[in-house]
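# Breakdown of the fold
Residues per chain, in single letters:
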Amino acid sequence: MKKFYWLIGIVFFLLSFAQPFALNAFADEKVYDTVVLRGSAASLDWSSNDHPLAYDSEEGVWKSDPVALEGGNEVEFKYVYDGSWMPGANLTYTPPQDGDYTFVFYPENERTVDVRSANTASGSVTLELTVPEETPDWVVPTLASNMNDFNYKVSPLRKVDERTYQIQVNGESGERLSYFYSLGGEPYKEVREEPRSAVFTEDNHVQKDSVTEWETIPVAQDVTHDFNHEPYTPDKKDNVTVEVTVDHYGPIDQGAVYYTTDGSSPVGKRGEVENGKTADLQVTETTTNDNGLKTSILTGTIPNQKNETRVKYKIDVWNSASKGSQFADNNALTSENATEFAYYVEDYQSPDWAKEAIIYQVFVDRFRDGTEQNNSSVDPSLPYDEQLKGWMGGDLQGVLEKLDYIDSLGVNTIWISPIYEGPYSHGYHPADFMNIDPRFGSNELMKELVEKAHKRDIKVVYDLVPNHTSNQHPFFQDAVEKGEDSPYYDWYSFTNWPNEYETFYDVQELPELNNDNPETREYMLDEVVPFWMEEIGVDGFRLDYAKGPSQSFWVDFRHKVKELNSNAFIFGEVWDNLDTITSYTGKLDGAIDFETQSAIQNAFINDGSMNQLASSLTTIHDAYSEEFVPATFLDSHDVPRFLYEADGNTQTLKNAASLQFTLPGAPIIYYGDEVGLSQSGDHNAVDEWKDRYYREMMPWKPSEQEQDVKAHYKKLIDIRQEHESLTTGDLRMVYSDDSVLVFERKLPQDQVVVVINKGESQRKLDLIDLYNQQTPNRVKLTSLMDGKKLKSHKGSLELKSDAHSVSIYEVQGKLRMDAPDEYKKYSKVALRGSEPLDWESDANLLSYDDSEHVWKSEPIKLKADETIEFKYVRDGEWLEGDNLTFTPETDGDYIFIFNPQDQYRITVVPYSESANLGKAS
């Protein structure tokens with residue numbers, strides 16, 4: 001276990017159930033045993049331990065080996081320490097130039113972004129720039145070059161004199177650097193047709209340049225809106241308040257919102273609108289920091305609109321005494337290039353059936369081979385590991401043959417993986433959006449599958465891929481061949497035709513669609529979407545990489561889908577932090593719940609505390625709108641099998657599934673989870689196609705299935721369908737410590753209590769006491785897993801929770817959460833401290849003494865003259881102020897006594913005296 005120590009005198013306010021984060025001069029700063037780097041760059045990946053960091057004791061940080069990065073291209077990354085993912089959003093870094101970089105991890109401040117150049121190049125050049133007099137002092141010139149993909153923002157120069165700046169660029173000796181200067185963005189670049197040129201040398205020579213004129217001068221340093229509008233999901237009655245934040249040195253006194261309500265894009269500048277209407281922005285607040293940078297808040301109002309209206313808008317700000325204006329959020333100088341914001345006006349609701357959905361994810365190529373006639377790409381002569389890279393023969397006929405099996409589980413929704421024509425068996429490289437690959441079947445077969453599912457009252461959602469195509473798609477091939485003469489040229493974003501273009505995560509085989517191009521969007525919404533909904537008949541879409549297309553696209557997408565079927569369910573893959581996921585509220589009906597999966601993984605696989613799980617689940621579900629449906633999962637086609645990560649322990653899988661099925665949201669069963677499908681190989685042992693092991697063939701022989709796991713899943717499905725509180729009931733955390741979590745799901749007429757014990761020993765719990773219920777009521781619990789009953793007796797309701805178990809109880813009678821009385825004050829008090837205590841866990845919980853009105857610890861063995869530092873943690877919050885200390889005079893067992901009415905009094909007494917001294921404390 002990792003150890004954290006408190007530095008005397010430092011005050012930490014921690015959120016409920018949070019772990020302490022403290023250091024001591026004598027603590028082991030290394031903190032973790034292993035730290036691994038994972039990320040999106042071509043040289044990294046998200047699933048292996050191939051990039052371990054080494055601890056540097058002199059700096060007190062962890063460092064990676066040099067990692068090759070492409071300049072100008074943003075890298076998303078995270079650290080995994082002791083097997084646990086770092087919480088929160090991905091970190092990002094954009095290298096200023098091509099080269100090798102060292103990632104540095106700070107255990108005491110884990111979200112620090114410190115990526116250092118390893119500078120392994122044989123040459124370099126120092127560029128020295130003199131700027132024209134009209135260049136504002138607050139603007140920092142930048143370098144765009146072939147070493148940073150001509151990114152005009154990421155390579156700032158350093159000021160060395162009043163109008164002189166320098167930057168060193170590294171490269172191989174003798175090679176040539178091509179470059180332009182700008183004032184922080186392409187619109188502000190120097191007036192120049194051809195790039196400048198310099199040669200890298202071993203002696204790092206200085207090349208002196210001067211700029212005579214800029215294309216234009218920035219109006220502000222940064223203009224940010226980031227969809228900051230209120231209300232976030234407006235209906236027809238709501239005026240919408242828009243807020244924009246401007247960082248600037250020169251004066252900013254005016255702004256405007258240009259908006260449309262007909263689906264078109266607004267156009268305007270400096271308050272003059274060309275398409276749409278205008279809402280004025282007013283400066284409501286301005287502050288200035290020490291270096292003179294001003295931050296102004298501007299607000300305006302878009303008037304209410306009728307329901308089913310797509311409101312699209314752009315924002316710019318300016319100084320009325322000067323020329324030009326600047327747009328949020330991309331700081332463009334023209335309306336045509338500016339970020340387009342959007343929201344949808346409606347009585348925002350997700351379909352009722354989606355709130356009750358239990359989703360079975362079918363990965364078609366790996367589910368069942370229904371006919372060998374379409375196995376043209378299957379090669380059984382290859383070793384099994386090699387076969388898994390390609391086509392395994394699963395098809396729609398196989399899904400049809402197993403519809404009765406899927407139905408027998410009790411699920412009510414099937415998610416079908418992509419089956420477009422394309423080069424790969426996973427289907428996520430579409431080469432035709434409206435034709436099913438013959439290796440999967442046919443359009444007619446898919447339509448038959450949907451019809452037969454509907455006859456069983458099973459909905460079907462299809463995995464739509466709107467963000468990109470395969471490079472084999474005819475549209476892309478035409479654009480590559482004909483360039484700007486192709487009608488599809490603007491359907492993609494070429495940066496240097498024909499070989500450089502925007503891609504999905506730098507995968508050259510996956511050129512991104514430009515869904516903000518009107519023709520591209522029209523095709524996707526008016527042809528592709530109606531084909532799947534009307535011709536094939538699906539009931540909604542799982543949306544691959546939903547954070548790729550703009551939110552303006554998703555507003556149009558929602559409008560189209562709901563126009564075709566108001567009861568369709570659209571939920572997105574938004575693999576990001578909670579704020580980003582919830583930003584799709586009002587555009588989508590829900591999202592894949594990566595945050596809950598991470599919390600469950602941390603608790604059951606990485607041995608995280610149930611305190612942390614309770615805190616995480618509370619934070620997650622407080623963030624979701626009541627109408628936003630999170631789709632929970634344990635594993636998927638993109639992450640390792642849960643059972644494999646659990647070392648094959650089916651009890652761990654069953655316990656995690658029990659938690660998943662009792663939480664809010666729509667639970668997803670990834671095919672094979674229900675029969676204990678694991679992995680035949682270690683994904684960490686291979687450098688490519690790691691996901692082959694996440695997508696193995698479904699075992700159909702009963703002897704190859706874990707029948708007890710299947711029975712458990714069927715029972716969970718029955719329980720969820722029989723108890724409405726598990727779909728729409730409120731979630732409340734009742735109690736947690738390191739090993740135990742108790743929570744409830746509750747509606748007025750349906751209450752379910754869940755007790756999880758992942759510890760090594762049985763625990764006895766009094767549910768009445770945990771609820772702080774002051775008035776005794778008759779309460780009866782019925783186990784929904786085995787039917788056993790428990791009844792309250794004389795104001796208590798005791799239950800036993802076995803080690804490594806999850807119990808689900810139906811509640812009859814009045815069981816309600818009351819606040820602790822004024823004497824008790826808290827529901828839980830834990831003692832933490834230096835040895836023989838610890839600073840991290842709730843291993844030393846105190847018990848409340850009703851007669852003496854104090855909290856008491858169990859006996860703790862202390863040594864004479866050895867000072868112990870300690871603190872109390874009350875309902876997850878640390879006692880404020882300095883650590884408390886106690887030095888025993890003799891060896892022996894001692895009781896720590898906490899008085900809620902005098903919380904800083906130090907009362908530690910020998911066990912033999914504790915009964916007599918408790919009241920005196």
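That block above? That's the structure.
Let me sum up the structure you'll find in this document. Worth saying up front: this structure is predicted, and the values here are computed from it rather than measured. (Residues numbered from 1 in each chain as written. Predicted model: local features only at pLDDT ≥ 70, side-chain atom pairs only at ≥ 80, totals over all residues. Heavy atoms only, no water.)

## Let's talk about the overall build of the protein
The test is simple: A helix here means a DSSP run of H or I that spans at least four residues, while a strand means a run of E at least two residues long, and both kinds are numbered starting from the N terminus. The globule rule is 2.2 Å times the number of residues to the power 0.38, and the radius of gyration it is compared with is taken over C-alpha atoms. Buried residues are those whose accessible area, probed at 1.4 Å on protein chains only, stays under 20% of the maximum for their type, while exposed residues exceed 50% and partly exposed ones sit between those limits. Only heavy atoms matter for contacts: two residues are in contact if any of them lie within 4.5 Å across the pair. Areas reported as accessible are Shrake-Rupley estimates using a 1.4 Å probe. Residue values count occlusion only from the protein chains shown. For the purpose of charge, His is not counted, nor are the chain termini; Lys and Arg are scored as positive and Asp and Glu as negative. Every charge is mapped to an atom, namely NZ of Lys, CZ of Arg, CG of Asp or CD of Glu.
What the protein contains, in helices and strands, is 17 helices and 58 strands. A compact globule built from 921 residues should have a C-alpha radius of gyration of about 29 Å, and the protein, at 31 Å, falls within 12% of that. Based on the C-alpha atoms only, the size of the protein along its principal axes is roughly 90 × 70 × 60 Å. Across the 921 residues that make up the protein, the buried fraction comes to 57%. The contacts in the protein between residues at least 6 apart in sequence include a share of 69% that link residues at least 24 apart. As displayed, the protein offers around 39,100 Å² of accessible surface, 44% of which is attributable to carbon and sulfur atoms. Distance from the positive charge centre (83 side chains) to the negative charge centre (160 side chains) of the protein: 7 Å.

## Re the sheet that holds strand β32 (residues 459–464)
Definition in use: Following DSSP output, two strands are said to pair if at least two bridges run between them. Where helices are involved, their axes are fitted lines through C-alpha atoms of the stretch in contact, as for all axes, and angles between N-to-C directions lie from 0 to 180°.
The eight strands lie next to each other as β28-β29-β32-β37-β38-β39-β40-β41, forming a closed barrel whose pairing is parallel. Direction aside, the axes of adjacent strands within the sheet are offset by 25° on average. Here strand β38 (residues 569–572) runs beside strand β39 (residues 590–592); their pairing, made up of two bridges, is parallel. Bridge pairing in β39 places G572 opposite A591.

## Considering the packing of aromatic side chains
Worth spelling out the cut-off: Only Phe, Tyr and Trp rings take part, Trp by its six-membered ring, and two of them pair if their centres are within 6.5 Å. Stacked means planes under 30 degrees apart, edge-to-face means over 60, and tilted covers everything else.
In total, this model carries 60 aromatic pairs according to the counting rule given. Arranged with centres 4.7 Å apart and planes meeting at 15°, the rings of F569 and F571 form a pair that is stacked. For F569, a relative accessible area of 1% gives the class buried. Among the aromatic residues, those joined into a cluster by ring pairs are Y420, F433, Y462, F475, Y488, W491, Y523, F531 and W532.

## Remarks on empty space enclosed by the protein
The following threshold applies: Grid spacing is 1 Å over the protein atoms alone, the probe is 1.4 Å, and a cavity is where that probe fits but cannot get out, while a pocket is an open set with protein on both sides within 12 Å along at least five of seven lines and lining residues have an atom within 4 Å of a point. Grid points are joined across faces, edges and corners, and a volume is the space filled by probe spheres set on the points. Any residue outside Ala, Val, Leu, Ile, Met, Phe, Trp, Tyr, Cys, Pro, Asp, Glu, Lys and Arg is labelled polar, Gly included; the first ten of those are nonpolar and the last four are charged.
For the structure shown, the criterion picks out five cavities of 30 Å³ or more. The volume enclosed by the largest cavity comes to roughly 80 Å³. Every residue lining the largest cavity is counted, 13 residues in all, and those nearest its centre are R542, I592, F594, F633 and S636. Put simply, the second largest cavity is a space of about 60 Å³. For the lining of the second largest cavity, the residue count by class is three nonpolar, two polar and five charged.

## Digging into the pattern of salt bridges
Rules: Salt bridge, as applied in this entry: a Lys or Arg side-chain nitrogen positioned within 4 Å of an Asp or Glu carboxyl oxygen.
Counted by the stated rule, this structure contains 48 salt bridges. Its salt-bridge partner being D691, residue R695 comes within 3.2 Å of it at the nearest N-O pair. On the accessibility criterion, R695 (7% relative accessible area) is buried. A salt bridge links R763 to D737; the shortest N-O distance between them is 2.6 Å. Taken as a pair, R763 in strand β45 (residues 763–766) and D737 in the loop between β42 (730–736) and β43 (740–747) lie far apart in primary sequence, 26 residues in all.

## Things to note about the side chain of R720
Note the following rule: Pairs of N or O atoms are called polar contacts if they sit within 3.5 Å, as long as, within protein, a hydrogen donor faces a hydrogen acceptor (for residues adjacent in sequence, only side-chain-to-side-chain pairs).
Relative to the assigned elements, R720 resides in helix α14 (residues 707–722). Of the side chains bearing the opposite charge, E356 lies closest to the buried R720, which forms no salt bridge; the N-O distance is 9.4 Å. A distance of 2.3 Å separates the side chain of R720 from the backbone oxygen of G665, its partner in a polar contact. The contacts of R720, once residues within four sequence positions are left out, are I358, Q660, F661, T662, L663, P664, G665, P667, L726 and T727.

## Focus on the nonpolar core
Counted only if it meets this: Each nonpolar core is a collection of buried residues, namely Ala, Val, Leu, Ile, Met, Phe, Trp, Tyr and Cys, held together in the definition by side-chain atoms within 4.5 Å.
In terms of nonpolar packing, the biggest core is built from 112 residues, with Y360, I416, M446, W532, F541 and F557 touching the most fellow members. For this core, the element with the highest residue contribution is helix α7 (residues 518–536), accounting for nine residues. Dropping the residues within four chain positions of it, F557 is found in contact with L464, L525, V529, F541, L543 and I570.

## Remarks on the pairing of strand β22 (residues 272–275)
Relative to β22, strand β21 (residues 267–269) runs antiparallel, the two sharing three bridges. The residue bridging K269 from the neighbouring strand is E272, located in β22. Linking β21 to β22, which pair antiparallel, is a turn of two residues; within it R270 sits at a positive phi near 50°.

## Regarding helix α5 (residues 443–455)
Note the cut-off: Expected span, for any helix, means 1.5 Å times one less than how many residues it has.
The end-to-end C-alpha distance of α5, which contains 13 residues, comes to 19 Å, matching closely the 18 Å that a straight helix rising 1.5 Å per residue would cover. Buried residues along α5 sit against α3 (396–401), α4 (403–409), β29 (413–416), β31 (432–436), β32 and α7.

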